[in-house]
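Tertiary structure, described
Given next are the chains, with one letter for each unit.
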Amino acid sequence: MTAKTPVNVILLGPPGAGKGTQAARLVEERNMVQLSTGDMLRAAKDSGTEMGKRVADVMARGELVTDEIVIGLIEEQLTTAKGNGFIFDGFPRTLAQADALGALLEKTGQSLDAVIEMQVDDEVLVGRIVGRAAEAVAAGGTARADDNEESLKLRLMEYYKKTSPLIGYYHAKGALQSIDGLGAIDEVAVSIGAIVDKAGS
């Protein structure tokens, strides 16, 4: 069974939980559109558009891109990209962004169909990321600069301070569904797929 109508979902979870991996599978298997803020900002910076110039200017100054710009980029995608629904990956990160996304979806005549929280144990997560970095180096590659225990703990702290309140926010709206994010990639994909199917049926 696959979703009959386009489904818009948010993948929530700490850094290293596997959101990017699962989003990529949804894109490949269900023709959904992944809205990753990092990818969108990089693409905008190189696009030469008015919005792109604003992004490039902010990044050149080493400043954080404002919510207004990110929402503008998402609105562009929501109104132009074609696919079987959208996956929000890495956005929203704060309650203010969640409010802004809700208003934007309403404005574009769309809905948020599911918020999927990938639950993981911090200690296991740190072990997994540090292991991933060691494997990359052993294979002759290079590890991500932030794939080390200290960096990850800082990123986790940032997540719990700013992003984890979204779990309560979406739970109160009746949109939150939690899955075990520590299973094998295929198992996690099946859990997410079942939620997407139900939301789109």
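A few points on the structure. Model, not experiment: these values are computed from the prediction. (Residues numbered from 1 in each chain as written. Predicted model: local features only at pLDDT ≥ 70, side-chain atom pairs only at ≥ 80, totals over all residues. Heavy atoms only, no water.)

The next point concerns the sheet that holds strand S3 (residues 86-89). An order of S2-S3-S1-S4-S5 is seen for the five strands of this open sheet, with the pairing classed as parallel. Edge positions in the open sheet fall to strand S2 (33-36) and strand S5 (176-180), since each of these has one partner strand only. Ignoring which end each strand starts from, the neighbouring axes of this sheet average 25 degrees apart. The pairing of strand S1 (residues 9-12) with S3 spans three bridges and is classified as parallel. Bridged to Leu-11 within S3 is Asp-89. Against the sheet, helix H1 (residues 19-30) touches S1, S2, S3 and strand S4 (114-119), its axis set at about 170 degrees to S3. (Pairing = 2+ DSSP bridges. Helix = DSSP H or I, 4+ residues; strand = E, 2+ residues; numbered from the N terminus. Axes fitted to C-alpha atoms, helices over the stretch in contact; angles between N-to-C directions. Contact = heavy atoms within 4.5 Å.)

A few words on unusual backbone geometry. Outside of glycine, negative phi angles account for most residues, and trans bonds account for most peptide bonds. A cis amide bond links Phe-91 with the next residue in sequence, Pro-92, at an omega value of 0 degrees. A positive phi is found at Asn-31, a non-glycine position, where the angle reads about 60 degrees.

What follows covers the packing of aromatic side chains. For the coordinates displayed, the defined rule picks out two aromatic pairs. When the centroid spacing of 5.2 Å and the interplanar angle of 75 degrees are considered together, the rings of Tyr-159 and Tyr-160 count as edge-to-face. Classification of Tyr-160 by relative accessible area gives partly exposed; the value is 36%. Considering the side-chain rings of Tyr-169 and Tyr-170, the 4.9 Å spacing of their centres and the 90 degrees angle between planes classify their relative orientation as edge-to-face. (Phe/Tyr/Trp six-rings, centres within 6.5 Å; stacked < 30°, edge-to-face > 60°. Buried < 20%, exposed > 50% of the residue type's maximum accessible area, 1.4 Å probe, protein only.)

Looking now at the side chain of Glu-117. In this fold, Glu-117 is placed in strand S4. For the buried Glu-117, no salt bridge exists, and the shortest N-O distance to an oppositely charged side chain is 11 Å, to Lys-19. In this structure the side chain of Glu-117 is engaged in a polar contact, spanning 2.6 Å, whose partner is the side chain of Ser-178. Excluding residues that lie within four positions of it along the chain, Glu-117 makes contacts with Leu-12, Ile-167, Leu-176, Gln-177, Ser-178 and Ile-179. (Lys, Arg positive; Asp, Glu negative; His and termini not counted. Salt bridge = Lys/Arg side-chain N within 4 Å of Asp/Glu carboxyl O. Polar contact = N/O pair within 3.5 Å; in protein donor to acceptor, adjacent residues only side chain to side chain.)

Okay, helix H3 (residues 50-60) next. Taken as a whole, H3 has its buried residues at Met-51, Gly-52, Val-55 and Val-58. Projected onto a plane normal to the axis of H3, the buried residues spread over an arc of 130 degrees and lie on a single side. In H3, those exposed residues whose orientation departs by more than 90 degrees from the buried face are Glu-50 and Ala-60. Structurally, H3 contributes buried residues whose contacts are with helix H2 (37-47) and helix H4 (67-80). Of the residues flanking the end of H3, it is Gly-62, one or two places downstream, whose phi is positive at about 75 degrees. (Arc of directions from axis to C-beta.)

As a further point, take the packing of helix H5 (residues 95-107) against helix H8 (residues 165-172). At their nearest, the axes of H5 and H8 sit 9 Å apart, and the two run at 35 degrees to each other. Taken together, the residues of H8 that come into contact with H5 (itself represented by Leu-95, Ala-98 and Asp-99) are Pro-165, Leu-166, Tyr-169 and Tyr-170. Looking at the contact of H5 with H8, its residues break down into six nonpolar, no polar and one charged. (Nonpolar A, V, L, I, M, F, W, Y, C, P; charged D, E, K, R; others polar.)

Let's shift gears to the nonpolar core. Counting 30 residues, the largest nonpolar core has Leu-35, Leu-73, Ile-74, Leu-78, Phe-88 and Tyr-170 as its most contacted members. Those elements that place two or more of their residues in this core are S1, S2, H2, H3, H4, S3, H5 and H8. In contact with Leu-78, other than residues within four places in its own chain, are Leu-35, Phe-86, Phe-88, Leu-104, Leu-105, Thr-108 and Gln-110. (Core = buried A, V, L, I, M, F, W, Y, C linked by side-chain atoms within 4.5 Å.)

Below, the discussion takes up the pairing of S4. Judged by how many residues are buried, S4 sits mostly within the fold: five of six residues are covered. Alignment of S4 against S5, held across five bridges, turns out to be parallel. Its bridge partner being in S5, Glu-117 is matched across the sheet by Ser-178.

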